[in-house]
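# Architecture at a glance
Single-letter residue listing:
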Amino acid sequence: GESVGLHLPTLSVQEGDNSIINCAYSNSASDYFIWYKQESGKGPQFIIDIRSNMDKRQGQRVTVLLNKTVKHLSLQIAATQPGDSAVYFCAETVSNTGKLIFGQGTTLQVKP
Amino acid sequence: EPEVTQTPSHQVTQMGQEVILRCVPISNHLYFYWYRQILGQKVEFLVSFYNNEISEKSEIFDDQFSVERPDGSNFTLKIRSTKLEDSAMYFCASTLGQGTEKLFFGSGTQLSVL
């Protein structure tokens, strides 16, 4: 069946270091991928997205990489800050269905 | 920045009771969604809604669930007879266009069924 999974449940990094959060997906029909950040008591907040016709997309301090060959997605956060501490979810979808399939989530802990 | 608002933030109910979770999507958005997240688990899709009808629903969204857009601003999720396993955080989301480009989520309603 369809599934999206994360390789590491918790990632702890030092403030100022770069963070890499990984995600595997299994639905080869998925053509749109999103990273969400969820802080305690809040809903998922959009960070960055990427379509399957791209392999890299950059935002402000964040980069998403897509490797369709191995069905792998990663989120890179540059110069991680304490405010980046949250749970990060990857999600996949076939873009015309309106249905997101979320991964399990990775907790990012930033140590000052 | 416009946001999706949900009320109440917490809802406690007895098993078998009906609950209605309320959402006000972003005003110019046309596609509406409900997701839920059981404590410690992934966010799960429940239902999508467009043009006053359900576009897609998951296996979770059985006959006990219904959605409605009673007026031009509210979007509600009703659970007719709650079960213990319905306890979860329920998120409403909306987007302007078709698909899930930049889905905006509300802060959620924590439903506790006792």
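See above for the structure.
The paragraphs below set out a description of the structure included in this document. Because the structure is a prediction, the values reported are computed rather than measured. (Residues numbered from 1 in each chain as written. Chains lettered and ligands numbered in written order. Predicted model: local features only at pLDDT ≥ 70, side-chain atom pairs only at ≥ 80, totals over all residues. Heavy atoms only, no water.)

## Describing the overall build of chain B
The helix and strand inventory of chain B stands at zero helices and 11 strands. The C-alpha radius of gyration of chain B comes to 13 Å, within 12% of the 13 Å expected for a compact globule of 114 residues. Its C-alpha atoms give chain B principal-axis dimensions of roughly 35 × 25 × 25 Å. Going through the 114 residues of chain B one by one, you find that 45% of them count as buried. A sequence separation of at least 24 residues applies to 54% of the contacts in chain B between residues at least 6 apart. (Helix = DSSP H or I, 4+ residues; strand = E, 2+ residues; numbered from the N terminus. Rg over C-alpha atoms; globule rule 2.2 N^0.38 Å. Buried < 20%, exposed > 50% of the residue type's maximum accessible area, 1.4 Å probe, protein only. Contact = heavy atoms within 4.5 Å.)

## Considerations on the packing of aromatic side chains
For the coordinates displayed, the defined rule picks out 16 aromatic pairs over all chains. Each ring, one from Tyr31 of chain B and one from Tyr50 of chain B, has its centre 4.2 Å from the other, and the planes form 5 degrees; the classification is stacked. Of this pair, Tyr31 of chain B sits in strand 4 (residues 31-37) while Tyr50 of chain B sits in strand 5 (residues 43-50), and the two are 19 residues apart along the sequence. By the ring-pair criterion, three or more aromatic residues cluster together here, those being Tyr36, Phe46, Phe89 and Phe102 of chain A together with Tyr33, Tyr35, Phe45, Phe91 and Phe105 of chain B. (Phe/Tyr/Trp six-rings, centres within 6.5 Å; stacked < 30°, edge-to-face > 60°.)

## A word on the environment of Gln14 of chain A
Residues and elements named next belong to chain A. Relative to the elements of secondary structure, Gln14 occurs in strand 2 (residues 10-14). A residue is classified by how much of its surface remains accessible, and Gln14, at 35% relative accessible area, is partly exposed. Between the C-alpha atoms of Gln14 and Phe89, which are 75 residues apart in sequence, the distance is 21 Å. With sequence-adjacent residues up to four places away left out, Gln14 is seen in contact with Val110, Lys111 and Pro112. Within the structure, the side chain of Gln14 is placed 3.0 Å from the backbone oxygen of Pro112, a separation counted as a polar contact. (Polar contact = N/O pair within 3.5 Å; in protein donor to acceptor, adjacent residues only side chain to side chain.)

## Concerning the interface of chain A and chain B
The figure often quoted for interface size is the accessible area lost as the parts come together. On the chain B side, the residues contacting the 22 residues of chain A number 20 residues. Together, the buried faces of chain A and chain B total about 1700 Å²; carbon and sulfur atoms form 53% of this surface. When contributions to the side of chain A that touches chain B are tallied by element, the ones reaching two or more residues are strand 4 (32-38), strand 5 (45-51) and strand 9 (86-93) of chain A. With four residues, strand 4 of chain A is the single largest residue contributor to the side of chain A that touches chain B. Looking at the side of chain A that touches chain B, its residues break down into nine nonpolar, 10 polar and three charged. (Buried area = accessible area lost by both parts, 1.4 Å probe. Nonpolar A, V, L, I, M, F, W, Y, C, P; charged D, E, K, R; others polar.)

## Examining the pairing of strand 8 (residues 75-79) of chain B
Residue and element names in this part refer to chain B. Of all five residues in strand 8, four are buried; the element is thus mostly enclosed. Two strands pair when backbone bridges link them, and strand 3 (residues 19-24) and strand 8 are joined in this way by five bridges, in the antiparallel orientation. Residue pairing in the sheet places Leu21 in a bridge with Leu77 of strand 8. Note: strand 7 (residues 65-68) against strand 8, four bridges, orientation antiparallel. Each bridged residue has a counterpart across the sheet, and for Val67 the counterpart in strand 8 is Leu77. Where strand 7 hands over to strand 8, the hairpin turn is made up of six residues, counted between the paired strands. (Pairing = 2+ DSSP bridges.)

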